[in-house]
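The lines below spell out each chain.
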Amino acid sequence: MQKNFEYIGVVEDVGINGEGIIKQDGLVVFVPFSYLGEKIKYKVLKTDKKFAYGKVIEVLSPSSNRVKPICDAYFKCGGCSLQHISYKEQLVFKQNLVKNAFKKVANIDFKVECVEPSDNEFRYRNKLQLPISYDKGENHIGFYAQNSHRVIPIYDCPINPVWTKNIISVFHDYIKINDLKGYSEGENYDLREVTVREVNGKLIIVVVFKNKKDRNTQSLIDILDSKLDCEYSLFFNYNDSTSNVIYGEEFRLVKGEPSYSSELLGVKFKMGVLSFMQVNDNVCEKLYSYVVGKISNDIDTVIDAYSGAGLMTALLSKNAKRAYGIEIIKEAVDSANALARFNGLDKKISNLLGKCEEIMPDLIDKVSKEGSVSVVLDPPRKGCDKKVIDALLKARPNEIVYVSCMPSTLARDVGLLTGTLTYENEKIEKGNGEGEYEIKSIKPFDMFPQTKHVETVCHLVRK
Ligand SMILES: C[S@@+](CC[C@H](N)C(=O)[O-])C[C@H]1O[C@@H](n2cnc3c(N)ncnc32)[C@H](O)[C@@H]1O
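Quick caveat, the model's predicted, so the values are computed rather than measured. Each chain has its residues counted from 1, running along the sequence as written. At least 70 in pLDDT is required for a residue's local features to be given in this predicted model, at least 80 for side-chain atom pairs to be given and counted, and no such filter applies to totals for whole chains, interfaces and linings, which use all residues. With hydrogens and water set aside, each side-chain value is computed from the structure's full complement of heavy atoms.

Looking at helix H8 (residues 386–395)
- Considered for burial, the residues of H8 that qualify are Val388, Ile389, Ala391 and Leu392. Within H8, the buried residues cover an arc of 160° as seen down the axis, which keeps them to one side. Of the exposed residues in H8, those oriented more than 90 degrees away from the buried face are Lys387 and Lys394.
- Residue contacts follow a heavy-atom distance rule, with two residues in contact if any of their heavy atoms lie within 4.5 Å. Only DSSP runs of H or I covering at least 4 residues are called helices, and only runs of E covering at least 2 are called strands; the numbering of each starts at the N terminus. Residues of H8 that are buried sit in contact with helix H7 (356–370), strand S19 (373–377), strand S20 (399–404), helix H9 (407–418) and strand S23 (437–445).
- Two N or O atoms count as a polar contact when they lie within 3.5 Å, although within protein this holds only if one can serve as hydrogen donor and the other as acceptor, and sequence-adjacent residues are included solely when both atoms are side-chain atoms. Where H8 begins, one side-chain oxygen reaches toward the backbone nitrogen of Lys387, 2.9 Å away; that side chain belongs to Asp385. A simple rule labels every residue: compare its accessible area, found with a 1.4 Å probe on the protein chains alone, to the largest value its type can have, and call it buried under 20%, exposed over 50%, or partly exposed in between. The arc in question is traced by the directions running from the helix axis to the C-beta atoms.

Shown next as structure tokens:
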């Protein structure tokens, strides 16, 4: 197989990024935007010993699941990768993705339930993040291209709310009127990012500037007032670093309220600039209800590990006499404490600030001696630290509900809890399957339609 040559092949499988997989000339070829069963003409862009990477030139026989993407920027933007597949088939793809991760990573062959769909296939996000760059004399507002920091200009985004196009247009006008420059590595610039979060129909807008120099704040407020028809708050943030971190340390409230109140499943909360919130309100409700439904009633203690701003801890506390949240970010713990007070649950809930790997071993040891314990885990993509898994295997709580946005690390940790995997000399090896836990259910949730991402809940009970 040679670079820049065209080939014809049939897609035999779909990879974890939603790309078609063709086996040809002894190589495994990954071709984005092709789908299972399709015969395609593709051009080889890159090869190495075992793999090649291609680009679709023509779909010769399209899959019956293929649909026309509704976004003009779909093939350039790195945000979505499944818009060319019908929504029904996206759910099938994600169910298989989770099933295969359990098989491949942990040698677990367990029924994965149907993916819980999002009520909205589009316009479901409550959080928009727009980098602004300056390239060859032009400012670009949009999203990053796949695996790159090149900004693809965008004028609307169908998975983000309808106000997205107004926000983009506001910033084009503001930049033009004041002759400002977006981020360009190694060069002087004025602003680099705009983030917007919708809470209960109101917007929290943050503009990240390089420094505190005044850049005609009033003109920005005037344009926002003329183009938005909802209440909003405006923050300025300052970030002069060369790293990928979006925000600098300081936020300045320029207009509006510092946070907005909302309610989810009967729990009242306040959302500010830094609090973590799931991006899809509808699926978030379904996910939280499902998790709470899996936890037994009348337990003594529930531990919500990786608890964020404490919404789930508050919901879980209704099933238990006592609830603990563990979270590493101070602002999130402060929000969780405020949320507990706001809902009259502060006597029942303790929100602990720190790393789960440091807090969990002693905490679970202590509460296990006092009565029954259920644990919810919702770690970031890298999954749980070994110390957290070891603490669970030692204390053996009644049940564990593991929520994850990364099927491979979920499968690894579930493998360790069920014994299909084990640690040998600090390395993960195949186990005998006779672990402390057994799987009761695996259920994916489509928190992120049109993208390759999936949220999964695995319910484990002590054998
Ligand atoms: C996927 S979020 C889940 C948040 C929460 N359960 C929710 O649904 O809103 C993961 C959370 O874990 C926190 N986190 C990351 N590493 C951690 C660690 N080692 N110990 C405790 N919390 C951690 C993050 O700050 C983040 O809030």
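Overview of the domain arrangement of the protein chain
- The domain limits used here are those given by an automatic or database domain assignment. Each domain of the protein chain was delimited in the assignment, giving domain 1 (6–66), domain 2 (102–117 + 274–462) and domain 3 (127–259).
- Across the boundary between the two partners, domain 2 contributes seven residues, which contact five residues of domain 3.
- Overall, the association of domain 2 and domain 3 removes approximately 430 Å² of surface from exposure, summing both partners, and the carbon and sulfur fraction of that is 58%.
- A per-residue breakdown of the area domain 2 buries against domain 3 is headed by Leu274, Ser275 and Val279, which together make up 56% of the total.
- One speaks of a salt bridge when a side-chain nitrogen belonging to Lys or Arg is within 4 Å of a carboxyl oxygen belonging to Asp or Glu. Counting every contact that joins domain 2 to domain 3 gives zero salt bridges.
- Three categories are distinguished: nonpolar for Ala, Val, Leu, Ile, Met, Phe, Trp, Tyr, Cys and Pro, charged for Asp, Glu, Lys and Arg, and polar for the others, with Gly belonging to the last. Among the residues forming the side of domain 2 that touches domain 3, the class breakdown is three nonpolar, three polar and one charged. Buried area counts how much accessible surface, traced with a 1.4 Å probe, disappears from two parts once they are put together, with both parts' losses summed.

Concerning the nonpolar core
- Among buried residues, the Ala, Val, Leu, Ile, Met, Phe, Trp, Tyr and Cys ones that are joined through side-chain atoms within 4.5 Å form a nonpolar core. Counting residues in hydrophobic clusters, the biggest one holds 79 residues, and the most contacted among them are Ile167, Phe171 and Ile205.
- Among all residues touching Phe171, those that are not within four sequence positions of it are Ile141, Leu191, Val194, Ile205, Val207 and Leu220.
- Ranked by size, the runner-up nonpolar core spans 44 residues in total, among them Ile326, Cys356, Leu416 and Ile439.

With respect to the sheet that holds strand S4 (residues 27–31)
- Here we have six strands laid out as an open sheet, ordered S1-S5-S6-S4-S3-S2, and mixed in their pairing. Whereas interior strands pair on both sides, the edge strands pair on one side only; in this sheet they are strand S1 (6–10) and strand S2 (13–14). Whether two strands pair comes down to DSSP finding at least two bridges between them.

Side note on the packing of aromatic side chains
- Stacked, tilted and edge-to-face pairs are distinguished by plane angle, under 30 degrees for stacked and over 60 for edge-to-face with tilted covering the rest, among Phe, Tyr and Trp rings (Trp via its six-membered ring) whose centres lie within 6.5 Å. Overall, the coordinates contain twelve aromatic pairs when judged by the stated rule.
- Here Phe30 and Tyr53 contribute two aromatic rings whose centre-to-centre distance is 5.6 Å and whose plane-to-plane angle is 20°, an arrangement assigned as stacked. On the criterion of sequence distance, the pair formed by Phe30 in strand S4 and Tyr53 in strand S6 (residues 51–61) is long-range, its members being 23 residues apart.
- For Tyr53, a relative accessible area of 30% corresponds to the partly exposed category.
- Note on Phe33 and Tyr74: the rings are 5.1 Å apart at their centroids and 65° apart in plane angle, and the pair reads as edge-to-face.

Here's the deal with the site of the ligand
- Whether a residue is near a molecule or strand depends on its heavy atoms: if one lies within 4 Å, it is near. Taken together, 16 residues form the shell around the ligand, and within it Gln278, Tyr288, Glu327, Cys356 and Asp378 come nearest.
- Contact distances for the ligand include 2.7 Å between an oxygen atom and a side-chain N or O atom of Glu327.
- Asp378 places a side-chain nitrogen or oxygen 2.9 Å from a nitrogen atom of the ligand.
- Relative to its unbound accessible surface of 600 Å², the ligand loses 87% to contact with the protein.
- Across the shell around the ligand, the residue classes break down as eight nonpolar, four polar and four charged. Each accessible area is a Shrake-Rupley estimate made with a 1.4 Å probe; only the visible protein chains count as cover when residues are assessed.

Some points on the pattern of salt bridges
- Inspection of every chain in the model, using the stated rule, returns 19 salt bridges.
- One salt bridge connects Lys181 with Glu187, and the closest N-O pair in it is separated by 3.2 Å.
- Looking at Glu187, the relative accessible area reads 39%, which means it is partly exposed.
- The residue Asp300 makes a salt bridge to Lys321 at a minimum N-O spacing of 2.9 Å. Taken as a pair, Asp300 in strand S16 (residues 299–305) and Lys321 in strand S17 (residues 320–327) lie far apart in primary sequence, 21 residues in all.
- We classify Asp300 as partly exposed; its relative accessible area is 22%.

Remarks on unusual backbone geometry
- Even without glycine at this site, Asp25 takes up a positive phi of about 50°.
- Inspection of the secondary structure assignment puts Asp25 in the loop between strand S3 (20–24) and S4.

What to know about helix H4 (residues 281–294)
- One less than the number of residues in a helix, times 1.5 Å, gives the span that helix is expected to have. When the terminal C-alpha atoms of H4 are compared, their 20 Å separation across 14 residues agrees well with the 20 Å that a helix rising 1.5 Å per residue should span.
- Looking at H4, one finds that the buried residues are Val283, Cys284, Leu287, Tyr288, Tyr290, Val291 and Val292.
- Looking at the packing, one finds that the buried side of H4 touches strand S14 (260–264), helix H5 (311–316), S19, S20, S23 and strand S24 (455–462).

Observations concerning the sheet that holds strand S11 (residues 202–209)
- Here seven strands make up an open sheet; going across it, the order is S9-S8-S7-S10-S11-S12-S13 and the pairing mixed. The open sheet has two free edges, formed respectively by strand S9 (151–153) and strand S13 (251–255), since each of these has just one partner strand. Direction aside, neighbouring strands of the sheet carry axes that sit 30° apart on average.
- Where strand S7 (residues 127–135) and strand S8 (residues 138–144) come together, four bridges link them in antiparallel fashion. When the sheet's bridge partners are listed, Asp135 is paired in S8 with Glu138.
- Along the sheet, helix H2 (residues 164–177) makes contact with S7, S8, strand S10 (191–199) and S11, crossing S10 at roughly 150°.
- Fitted lines through C-alpha atoms give the axes, limited to the stretch in contact for helices. The angle between two N-to-C directions lies from 0 to 180 degrees. Helix H3 (residues 217–227) rests against S11, strand S12 (232–238) and S13 of the sheet, and its axis sits at about 145° to S12.

Re the environment of Gln95
- Residue position: Gln95 is located in helix H1 (residues 87–106).
- The spatial distance from the C-alpha of Gln95 to the C-alpha of Lys111 is 9.8 Å, given a sequence separation of 16 residues.
- Apart from the residues within four sequence positions on either side, Gln95 is in contact with Val112, Glu113, Cys114 and Val115.
- Within the structure, the side chain of Gln95 is placed 2.9 Å from the backbone oxygen of Val112, a separation counted as a polar contact.

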